[in-house]
Amino acid sequence: MVHHHLGTVLVLVFVVCQAARDVYFAGVFQALDVFEVTLVAFCACTLIFAGVASARDPGGWRRLAGHRRALLRINLLTAGAWLAFFLALKSLEPAIVATLYGGAGPIAILCWARRGGGQGSTPLGLWIYGALAATLAGLWLVVLSGRSGLGAGDVATGLAACALATGGGVLIALGHLGTRRLNDAGIGADTVMATRFLGLVLAAGLVEMLDGSAIAIAGNVIEIAGAAVLLIVLPSFALQLGIARARPMQVNALRATAPVFVFAVQFADDRLHFAPATLACVLIYAALALTGALVEGRTKDEGPAGTAGEASARSPAA
């Protein structure tokens with residue numbers, strides 16, 4: 001019992017840190033270049049996970065060498081997902097980005113599963129996913145109608161940002177499926193995390209090389225690197241430990257509430273005002289995602305969360 005409670009606490013730590021991450025980087029991107037911040041933050045993440053992987057499982061590098069094509073796909077998906085996520089944060093209310101990003105991927109994976117001939121969910125689950133899709137569409141309308149916490153803005157910018165947040169969510173969910181397959185092949189999560197951001201670092205570095213503009217982040221390197229450790233690296237470790245200890249239904253239910261935490265924290269940003277339309281969509285999403293997690297959890301084997309990768313990847317907010 002204590003084992004499961006500890007897992008729940010660790011996942012909750014990840015969810016809270018995720019909310020702080022979204023709000024922090026949304027503020028940072030108002031003053032600093034997205035690609036510069038990405039380069040510094042994920043260089044720090046890669047170096048730390050590489051050190052941890054080398055210390056905990058040196059043989060993981062040899063096992064990973066036999067999966068180069070899968071690793072390349074994961075890097076492309078991860079790079080596209082994070083860049084889309086960060087660019088969306090620059091222009092949208094963080095709670096809206098978190099909801100679109102967290103909800104789009106699982107819906108896309110469910111559609112892909114059904115396209116391949118499988119049902120992919122229970123009948124009740126399908127209705128829930130349909131309602132989730134409608135809620136995400138509602139958030140697009142909130143942005144385009146100027147009812148978000150940022151108020152009225154350029155419609156084209158809002159449309160592009162919503163597309164980035166939604167598309168990024170699809171890409172990261174597909175990337176998670178790929179990393180799960182590497183884990184199933186005996187490659188540790190630390191080794192995967194040490195290599196899955198290489199494409200992202202390369203892309204950000206290439207953009208900066210070709211940009212030719214002055215580097216604006218020089219005085220903020222330590223702050224950005226420290227934020228990456230506190231808001232990306234350590235929460236990722238907490239999530240890994242939590243998944244190993246909590247049940248899949250608990251993990252997915254907690255992660256479904258992430259946009260609510262983002263909405264609560266985001267008012268530390270002076271640019272934002274309280275937006276009832278955003279709150280309504282976020283609460284509806286959280287309620288549906290939580291219900292979906294409970295329905296999926298009760299229809300699948302409730303073994304350790306680490307053995308339920310496919311269900312976790314398709315669950316809302318995964």
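Residues numbered from 1 in each chain as written. Predicted model: local features only at pLDDT ≥ 70, side-chain atom pairs only at ≥ 80, totals over all residues. Heavy atoms only, no water.

**Student:** Residue-level account of the overall build of the chain, with values.
**Tutor:** Counting its regular elements, the chain contains 14 helices and zero strands. N-terminal to C-terminal, the α/β element order of the chain is α-α-α-α-α-α-α-α-α-α-α-α-α-α. Relative to its full complement of 318 residues, the chain shows a buried share of 50%. Within the chain, counting contacts between residues at least 6 apart in sequence, those at least 24 apart form 86% of the total. (Helix = DSSP H or I, 4+ residues; strand = E, 2+ residues; numbered from the N terminus. Buried < 20%, exposed > 50% of the residue type's maximum accessible area, 1.4 Å probe, protein only. Contact = heavy atoms within 4.5 Å.)

**Student:** Hey, could you go over the nonpolar core for me, with residue numbers and the actual values?
**Tutor:** In terms of nonpolar packing, the biggest core is built from 58 residues, with Phe42 and Phe86 touching the most fellow members. A per-element tally of this core places helix α2 (residues 34-56) first, with nine residues. When neighbours within four sequence positions are excluded, phenylalanine 42 is seen to be in contact with Trp82, Phe86, Phe197, Leu200, Val201 and Ile232. Of all hydrophobic cores here, the second largest spans eight residues; its members include Val11, Val15, Leu239 and Ala246. (Core = buried A, V, L, I, M, F, W, Y, C linked by side-chain atoms within 4.5 Å.)

**Student:** For the packing of aromatic side chains, give the residues involved together with the corresponding values.
**Tutor:** Throughout the structure, instances matching the rule amount to 15 aromatic pairs. Ring plane angle 40 degrees and centroid distance 5.1 Å describe the contact between phenylalanine 49 and phenylalanine 237, whose orientation is recorded as tilted. Of this pair, phenylalanine 49 sits in helix α2 while phenylalanine 237 sits in helix α10 (residues 221-245), placing them 188 residues apart in sequence. A ring pair is formed by phenylalanine 263 and phenylalanine 267, whose centres lie 5.2 Å apart and whose planes are at 85 degrees; its orientation type is edge-to-face. With a relative accessible area of 7%, phenylalanine 263 lands in the buried category. With a relative accessible area of 32%, phenylalanine 267 lands in the partly exposed category. An aromatic cluster is present here, built from Tyr24, Phe25, Phe29, Phe42, Trp82, Phe85, Phe86, Tyr101 and Phe197 joined pairwise through their rings. (Phe/Tyr/Trp six-rings, centres within 6.5 Å; stacked < 30°, edge-to-face > 60°.)

**Student:** Please set out α10 residue by residue, giving values where relevant.
**Tutor:** Between its first and last C-alpha atoms α10 spans 35 Å; for 25 residues at 1.5 Å apiece the expected length is 36 Å, and the two agree. By the burial criterion, the buried members of α10 are Ile224, Ala227, Ala228, Leu231, Ile232, Val233, Pro235, Ser236, Phe237, Ala238, Leu239 and Gly242. (Expected span 1.5 Å × (residues − 1).)

**Student:** Tell me what's going on with the environment of leucine 231, and back it up with residues and numbers.
**Tutor:** Within the secondary structure, leucine 231 sits in helix α10. Considered as a pair, leucine 231 and phenylalanine 25 are 206 residues apart in the sequence and their alpha carbons are 9.9 Å apart. Discounting residues that sit within four places of it in the chain, leucine 231 has contacts with Cys17, Ala20, Arg21 and Tyr24.

**Student:** Could you give an account of the packing of helix α4 (residues 68-91) against helix α9 (residues 198-211), naming the residues involved and the relevant values?
**Tutor:** Between α4 and α9, the shortest axis-to-axis distance is 7 Å and the interhelical angle comes to 55 degrees. Taken together, α4 and α9 sit at an angle that is classed as oblique. Of the two elements, α4 crosses α9, and the hand of that crossing is right-handed. Seen from α4, the contacting residues are Asn75, Ala79, Trp82 and Leu83; seen from α9, they are Leu198, Gly199, Leu200 and Ala203. Looking at the contact of α4 with α9, its residues break down into six nonpolar, two polar and no charged. (Axes fitted to C-alpha atoms, helices over the stretch in contact; angles between N-to-C directions. Parallel < 35°, antiparallel > 145°, perpendicular 65-115°, else oblique. Left-handed = near helix turned anticlockwise from the far one by under 90°. Nonpolar A, V, L, I, M, F, W, Y, C, P; charged D, E, K, R; others polar.)

**Student:** Would you mind going over the pattern of salt bridges in detail, with residue names and values included?
**Tutor:** Within this structure, the stated rule accounts for five salt bridges. For arginine 180, the salt bridge identified is with aspartate 184, shortest N-O distance 3.2 Å. Of this pair, arginine 180 and aspartate 184 both sit in helix α7 (residues 155-184), four residues apart, which is roughly one turn of the helix. The partner of aspartate 269 in a salt bridge is arginine 271, with the nearest N and O atoms 2.7 Å apart. Overall, aspartate 269 belongs to the buried group, its relative accessible area being 11%. The exposure class assigned to arginine 271 is partly exposed, which follows from its relative accessible area of 30%. (Salt bridge = Lys/Arg side-chain N within 4 Å of Asp/Glu carboxyl O.)

**Student:** Help me get a handle on helix α6 (residues 123-144), residues and values and all.
**Tutor:** Here α6 is 22 residues long and its end C-alpha atoms lie 32 Å apart, about the 32 Å a rise of 1.5 Å per residue gives. All buried positions along α6 are accounted for by Gly125, Ile128, Tyr129, Leu132, Thr135, Leu136, Leu139, Val142 and Val143. An end-on view of α6 places all buried positions within 120 degrees of arc, on one side of the element. In this structure, α6 carries Pro123, Trp127, Ala134 and Leu141 as exposed residues pointing more than 90 degrees from its buried face. (Arc of directions from axis to C-beta.)

**Student:** Would you mind going over the side chain of threonine 195 in detail, with residue names and values included?
**Tutor:** Along the polypeptide, threonine 195 turns up in helix α8 (residues 189-195). Classification of threonine 195 as buried rests on a relative accessible area of 7%. If we ignore the near neighbours within four places in the chain, the residues touching threonine 195 are Trp61, Leu64, Leu71 and Asn75.

**Student:** Mind laying out the side chain of threonine 78, listing which residues take part and the relevant values?
**Tutor:** Of note, threonine 78 is situated in helix α4. Classification of threonine 78 as buried rests on a relative accessible area of 1%. Aside from chain neighbours lying at most four places away, what touches threonine 78 is Arg196 and Phe197.

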